[in-house]
Amino acid sequence: MKRIKSELRFLRNLWRMNLASAMEYKVSFLTQVITMFINNAIYFVFWIIFFNNVEQIGGWGLGDMMTLFAIVTTGFGLALTFFGNSSRLALLIEQGQIDYYLVLPRNTMVHILSSRTSISAIGDIAFGVSMFIVAGNYSFYSITLWLICAILVASIAVAYMAIVGSMAFWLGRASILSEQAINALLTFSMYPSKIFEGVVRIILLTIIPAGFISAIPVRIITELDNTLLIYLVAFSFIIITASIFMFLRGLKRYESGNLININM
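How each quantity is defined
Residues numbered from 1 in each chain as written. Predicted model: local features only at pLDDT ≥ 70, side-chain atom pairs only at ≥ 80, totals over all residues. Heavy atoms only, no water. Helix = DSSP H or I, 4+ residues; strand = E, 2+ residues; numbered from the N terminus. Expected span 1.5 Å × (residues − 1). Buried < 20%, exposed > 50% of the residue type's maximum accessible area, 1.4 Å probe, protein only. Arc of directions from axis to C-beta. Contact = heavy atoms within 4.5 Å. Core = buried A, V, L, I, M, F, W, Y, C linked by side-chain atoms within 4.5 Å. Phe/Tyr/Trp six-rings, centres within 6.5 Å; stacked < 30°, edge-to-face > 60°. Salt bridge = Lys/Arg side-chain N within 4 Å of Asp/Glu carboxyl O. Axes fitted to C-alpha atoms, helices over the stretch in contact; angles between N-to-C directions. Parallel < 35°, antiparallel > 145°, perpendicular 65-115°, else oblique. Left-handed = near helix turned anticlockwise from the far one by under 90°. Nonpolar A, V, L, I, M, F, W, Y, C, P; charged D, E, K, R; others polar.

## A closer look at helix α10 (residues 175–189)
1) Next: Spanning 15 residues, α10 covers 21 Å between terminal C-alpha atoms, matching the ideal 21 Å at 1.5 Å per step.
2) Next: Within the sequence span of α10, burial applies to Ser-178, Ala-181, Ile-182, Ala-184, Leu-185 and Ser-189. The arc that holds every buried residue of α10, seen down its axis, measures 155 degrees, which confines them to one face.
3) Next: Its buried side turned inward, α10 meets α3 (62–82), α4 (89–94) and α8 (140–166).

If you want it as structure tokens, here you go:
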């Protein structure tokens, strides 16, 4: 228990330091946050135009897309705000830059993933909150489900990125593959699930778990489905466990780099 409390205090202080560092240059900070917010808004305009011409697609309407964006952008925003290195894990392994973390008395995987904050991800969170407000789901239960789903989506996203990033332990130069896998997850999660059928649908619930960060959370919030929430929690636990297992197995194969880095 003492070890857990110690790790949580360390994480809290690390996140505080990351945020303080990110906000040191306020103009750059605000520019990145606002730019990401606008980028998401422009992307959503496409769906507004689409649903002005088509009432529904596979039973999904504009309100469902608002909920989808509210969940996905908030979840990914939380993931990359608090665990910003999760999307860069393959590159860090590839370049031999995790040596620094191995000699410290902290959980290596957690320390690596949480030692960076993506500033633009804060813009994702802001957009996700805005989308949820615009969607009009104001009941206490809906808000609670949205927050829970956003945290679970963030957990799944971090675990997935850790898994694809850990492939670098075996493949060596896997940063491009990891980047493509992450982009695939994000891309497929931003479309109504009903347009995917057959083998593709199976892939989006297994190899690329886009369904678990988009369609299932949307159904949980819109249908108030507690059973699906249990499934989402269970899958989160499974993929987090898988990511830890893969990272630890891969770490045994890690070969130190010859780069000299100064970390503050």
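## Things to note about the nonpolar core
The tendency in soluble globular proteins is for nonpolar side chains to be buried side by side.
1) Next: Among the nonpolar cores identified, the biggest contains 67 residues, and Met-65, Phe-69, Ile-220 and Leu-232 are the most heavily contacted of them.
2) Next: Top element by residues in this core is α8. It accounts for 14 residues.
3) Next: Those residues in contact with Leu-232, other than ones at most four positions away along the chain, are Cys-149, Leu-152, Ile-156, Phe-212, Ile-216, Pro-217 and Ile-220.

## Points about the packing of aromatic side chains
Describing an aromatic ring pair means giving the distance of the ring centres and the angle of the ring planes.
1) Next: Under the definition given, this model contains 19 aromatic pairs.
2) Next: Where Trp-15 meets Phe-83, the ring centres are 5.7 Å apart and the plane angle is 85 degrees; that geometry is what we call edge-to-face. Taken together, the positions of Trp-15 in helix α1 (residues 2–22) and Phe-83 in the loop between α3 and α4 put the pair 68 residues apart, joining distant regions of the chain.
3) Next: Given the relative accessible area of 25%, Trp-15 is considered partly exposed.
4) Next: Judged by centre distance (4.9 Å) and plane angle (70 degrees), the rings of Phe-46 and Trp-47 are edge-to-face.
5) Next: For Phe-46, a relative accessible area of 42% puts it in the partly exposed group.
6) Next: Among the aromatic residues, ring-to-ring pairing joins Phe-37, Tyr-43, Phe-44, Phe-69 and Phe-127 into one connected group.

## Re the pattern of salt bridges
1) Next: If you walk through the whole model with that rule in mind, you get two salt bridges.
2) Next: When the shortest N-O distance is used, the salt bridge between Arg-219 and Glu-223 registers 3.5 Å. One end of the pair is Arg-219 and the other is Glu-223, both in helix α12 (residues 215–223) and four residues apart, which spans about a single turn.
3) Next: For Arg-219, a relative accessible area of 40% gives the class partly exposed.
4) Next: Judged by relative accessible area, which is 46%, Glu-223 ranks as partly exposed.

## Some points on the environment of Met-66
1) Next: As for its position among the elements, Met-66 is in helix α3.
2) Next: Looking at Met-66, the relative accessible area reads 15%, which means it is buried.
3) Next: Each C-alpha atom of the pair Met-66 and Gly-128 lies 8.9 Å from the other, and the pair is 62 residues apart in sequence.
4) Next: Residues contacting Met-66, with those up to four places away along its chain left out, are Phe-44, Met-131, Val-134 and Ala-135.

## Quick look at helix α13 (residues 226–251)
1) Next: Spanning 26 residues, α13 covers 37 Å between terminal C-alpha atoms, matching the ideal 38 Å at 1.5 Å per step.
2) Next: Those residues of α13 not exposed but buried are Leu-228, Leu-229, Leu-232, Phe-235, Ser-236, Ile-239, Ser-243, Phe-247 and Gly-250.

## A short note on the environment of Leu-68
1) Next: Structurally, Leu-68 can be placed in helix α3.
2) Next: Remark: the alpha-carbon pair of Leu-68 and Met-190, spanning 122 residues in sequence, is separated by 7.2 Å.
3) Next: If we skip the residues at most four places from it in the chain, Leu-68 touches Trp-60, Ser-189, Met-190, Tyr-191, Ser-214 and Val-218.

## Considering the packing of helix α7 (residues 119–135) against α8
1) Next: Running from N to C, α7 and α8 point in directions that differ by 155 degrees, and their axes come no closer than 12 Å. With respect to their mutual orientation, α7 and α8 come out roughly antiparallel. As for the relative orientation of α7 and α8, their crossing is right-handed in sense. Across from Gly-128, Val-129 and Phe-132 in α7, the residues of α8 making contact are Ser-142, Ile-143 and Trp-146.
2) Next: Its residues assigned to classes, the contact of α7 with α8 shows four nonpolar, two polar and no charged.

## Here's the deal with the packing of α3 against α12
1) Next: Remark: α3 packs on α12, axes separated minimally by 9 Å, with the N-to-C direction vectors making an angle of 120 degrees. With respect to α12, the element α3 is oriented oblique. Of the two possible hands of crossing, α3 and α12 adopt the one that is right-handed. Judged by residue contacts, Asp-64, Thr-67, Leu-68 and Ile-71 of α3 engage Pro-217, Val-218, Ile-221 and Thr-222 from α12.
2) Next: Looking at side-chain class alone, the contact of α3 with α12 contains five nonpolar, two polar and one charged residues.

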